[in-house]
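Listed below, chain by chain, are the residues.
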Protein chains: 2
Amino acid sequence: MAFPNHRLAAFFLAVVAAVTSSAVAAWNVKLEIDNDIPLIHTLRPLLSSAAGHQSRRRNYGGVPCDSWRFAVETNTIRGWATIPASCEEYVGNYMLGGHYRRDSRVVVDEAIAYAEKLKAAGNGKEVWVFDVDETTLSNLPYYAEHGFGAEPYDRAAFGAYVEEASAPALRETKRLYDKLKEMGIKPVILTGRREDKREATAKNLAAVGYTGYHKLLLKPQDAKVHSVEFKSGERKKLEDAAYVIVGNIGDQWTDLLGEPEGARTFKLPDPMYYVA
Amino acid sequence: MAFPNHRLAAFFLAVVAAVTSSAVAAWNVKLEIDNDIPLIHTLRPLLSSAAGHQSRRRNYGGVPCDSWRFAVETNTIRGWATIPASCEEYVGNYMLGGHYRRDSRVVVDEAIAYAEKLKAAGNGKEVWVFDVDETTLSNLPYYAEHGFGAEPYDRAAFGAYVEEASAPALRETKRLYDKLKEMGIKPVILTGRREDKREATAKNLAAVGYTGYHKLLLKPQDAKVHSVEFKSGERKKLEDAAYVIVGNIGDQWTDLLGEPEGARTFKLPDPMYYVA
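Just so you know, these numbers come straight off a predicted model, no measurement behind them.

(A) Local environment of the interface of chain B and chain A. Chain B puts 30 residues into the contact, and the matching count from chain A is 30 residues. Of the roughly 2,500 Å² buried at the junction of chain B and chain A (both faces included), carbon and sulfur atoms supply 58%. Three residues, Phe70, Thr76 and Arg78 of chain B, lead the burial of chain B against chain A; their summed loss comes to 25% of the area buried on that side. Taken together, the links from chain B to chain A amount to two salt bridges.

(B) Local environment of the pattern of salt bridges. Evaluated as defined, the whole model comprises 36 salt bridges over all chains. For Asp196 of chain A, the salt bridge identified is with Lys197 of chain A, shortest N-O distance 3.6 Å. Judged by its relative accessible area of 16%, Lys197 of chain A is buried. A salt bridge links Glu172 of chain B to Arg175 of chain B; the shortest N-O distance between them is 2.6 Å. With a gap of three residues between them, Glu172 of chain B and Arg175 of chain B both fall in helix 8 (residues 171-183), about one helical turn apart. According to the relative accessible area criterion, Arg175 of chain B is partly exposed, its value standing at 33%. Among the charged side chains, a network of salt bridges with common partners joins Arg101, Arg105, Asp109, Glu172 and Arg175 of chain A.

(C) Here's a closer look at helix 10 (residues 227-240) of chain A. All names here are of chain A. An ideal rise of 1.5 Å per residue puts 20 Å on 14 residues; helix 10 measures up with 20 Å between its terminal C-alpha atoms. The elements touched by buried residues of helix 10 are strand 5 (126-130), strand 6 (186-194), strand 7 (215-219), strand 8 (244-250) and helix 11 (253-256). Backbone geometry just downstream of helix 10 places Ala242 in the positive-phi region, at approximately 70°.

(D) Seen up close, the sheet that holds strand 7 of chain A. Residues and elements named next belong to chain A. In spatial order, the strands read 7-6-5-8-9; together these five strands make up an open sheet with parallel pairing. Since the sheet does not close on itself, it has two edges, and those belong to strand 7 and strand 9 (265-267), each with one partner. With direction set aside, neighbouring strand axes in the sheet form an average angle of 20°. Two strands pair when backbone bridges link them, and strand 6 and strand 7 are joined in this way by four bridges, in the parallel orientation. Along strand 7, the bridge assignment pairs Leu190 with Leu217.

(E) The relation of the copies chain B and chain A, seen in detail. Between the two copies, chain B and chain A, the superposition gives an RMSD of 0.0 Å; the rotation angle is 180° and the shift along the axis is 0.0 Å. In the structure described here, the two chain copies are related by an operation that fits a two-fold rotation axis. For chain B, the minimum C-alpha distance to the rotation axis belongs to Thr74 of chain B and amounts to 2.8 Å. Comparing interface residues between copies, 100% of those in chain B also sit at the interface in chain A, which points to an isologous, same-surface contact.

(F) Spatial organisation of the packing of helix 3 (residues 65-73) of chain A against helix 4 (residues 88-96) of chain A. Residues and elements named next belong to chain A. Taken N-terminus to C-terminus, the directions of helix 3 and helix 4 make an angle of 65°; their axes are 10 Å apart at the nearest point. Relative to helix 4, the element helix 3 is oriented roughly perpendicular. Crossing geometry of helix 3 relative to helix 4 is assigned as right-handed. Contacts from Cys65, Asp66, Trp68 and Arg69 in helix 3 reach Tyr90, Val91 and Tyr94 in helix 4. Its residues placed into classes, the contact of helix 3 with helix 4 shows five nonpolar, no polar and two charged.

What counts, and at which threshold
Residues numbered from 1 in each chain as written. Chains lettered and ligands numbered in written order. Predicted model: local features only at pLDDT ≥ 70, side-chain atom pairs only at ≥ 80, totals over all residues. Heavy atoms only, no water. Contact = heavy atoms within 4.5 Å. Buried area = accessible area lost by both parts, 1.4 Å probe. Salt bridge = Lys/Arg side-chain N within 4 Å of Asp/Glu carboxyl O. Buried < 20%, exposed > 50% of the residue type's maximum accessible area, 1.4 Å probe, protein only. Helix = DSSP H or I, 4+ residues; strand = E, 2+ residues; numbered from the N terminus. Expected span 1.5 Å × (residues − 1). Pairing = 2+ DSSP bridges. Axes fitted to C-alpha atoms, helices over the stretch in contact; angles between N-to-C directions. Least-squares fit on C-alpha atoms with pLDDT ≥ 70 in both. Parallel < 35°, antiparallel > 145°, perpendicular 65-115°, else oblique. Left-handed = near helix turned anticlockwise from the far one by under 90°. Nonpolar A, V, L, I, M, F, W, Y, C, P; charged D, E, K, R; others polar.

In structure tokens, the structure reads:
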């Protein structure tokens with residue numbers, strides 16, 4: 001299982017550091033055994049006593065975090081650079097506490113139920129489009145160390161993480177991927193990662209079991225193009241080559257909007273970041 | 001305030017009936033004072049003891065209702081005729097317990113913040129598209145009496161309710177509507193209700209304060225056309241007449257998908273029904 005020991009060790013060290021350094025601040029240690037993926041993480045100590053006081057309430061510092069998540073997941077709140085500072089604990093609990101996994105499971109259950117009802121043409125032209133980040137691969141080990149989206153995007157740090165090729169699979173997506181391959185529907189991986197990350201991406205996908213995909217499409221290195229344009233353009237090329245996009249799964253609306261969207265879209269949760 | 005006394009009286013009678021008839025069954029009475037709208041309702045007695053037993057858990061009878069709602073609100077689960085039977089209490093609590101109002105408020109706060117940043121052209125050509133059901137008007141008084149979507153759609157019963165023209169305003173949407181009018185952005189009401197409901201719809205809208213809209217567009221009586229086609233077609237006509245659709249708000253994805261969508265879309269919550 002591609003969840004390297006050195007990263008796990010770093011998590012444990014972070015927990016120890018939090019425990020020893022935050023004698024007066026509130027802190028939480030979360031542990032989730034996600035099949036064979038151990039996920040351990042400390043939510044950052046809340047230094048403000050007001051934040052600590054409010055941390056058990058739904059409405060942290062004026063922002064009802066569950067309603068903020070609703071508006072984000074439905075593409076109403078757009079273009080945000082970071083999650084509301086007061087929602088860091090909420091998002092952390094969402095991501096690690098089982099809610100994220102449960103939401104993802106219902107999405108994939110629906111995708112599989114849909115796929116099973118398809119009358120497959122069996123001509124090898126049916127494809128399913130998969131995004132990478134927070135879709136095939138989970139960057140939760142990275143985001144857990146970066147405030148679950150409370151810190152601004154750090155291109156260099158995230159780039160270094162991608163180069164490690166150490167991200168675990170989103171296990172629900174992997175379940176869909178395997179099922180579709182079994183059914184003869186070809187996976188196409190379509191990502192906003194750029195070409196300089198092709199090797200690391202391919203290595204990471206292979207390491208966690210995403211094998212036998214039809215194509216891995218990355219954004220040209222210097223293309224000045226937003227995700228919707230890039231991704232819908234690539235889907236259009238697939239259709240022009242007589243492929244039928246029976247499904248399209250991603251965590252961002254930019255994965256799912258823009259014709260041709262694919263016959264059905266499946267929105268995975270992601271309250272941590274927004275991609276334009 | 002257009003919340004007729006006879007309907008309110010019916011609610012009270014329903015509560016009394018539930019209290020007197022359900023000595024052995026579980027029942028709940030919910031009361032919410034929503035500014036000047038009293039909302040009182042009894043959730044239907046849960047006749048199955050298993051359902052009663054599970055009613056305090058998130059996962060009712062195998063369906064995690066909050067995850068089901070996530071997948072519905074993000075357009076992943078489509079074409080459903082009724083909510084999962086085991087989620088009736090969950091959806092009832094969501095609708096009446098303040099969560100629905102809070103989610104709607106965040107959507108409208110975002111819409112107003114967006115509108116305030118617009119550089120209005122001031123040429124009278126800027127419009128904002130509003131849906132009717134569960135957007136300008138709330139049919140919660142009807143749905144509260146019909147299992148919050150647990151009962152199959154009843155065209156005759158719902159039609160009779162529409163003819164009453166008694167629906168209250170969704171107060172968050174009303175707040176947006178008033179703000180936009182003040183800013184010189186023209187409201188256009190675009191609904192899947194058919195032409196035979198024009199009079200009742202106009203009367204209901206006026207009764208709850210939706211006045212001064214630019215157009216009220218209903219579906220032609222006998223048109224065999226799905227909502228996405230009808231609504232995107234009407235938006236196209238607006239653009240062809242040189243209007244600029246600066247915003248578009250609705251509770252169904254069929255309100256918001258299909259070019260031209262409008263410069264920004266705002267998805268209100270609706271876990272009670274699905275419109276194709």
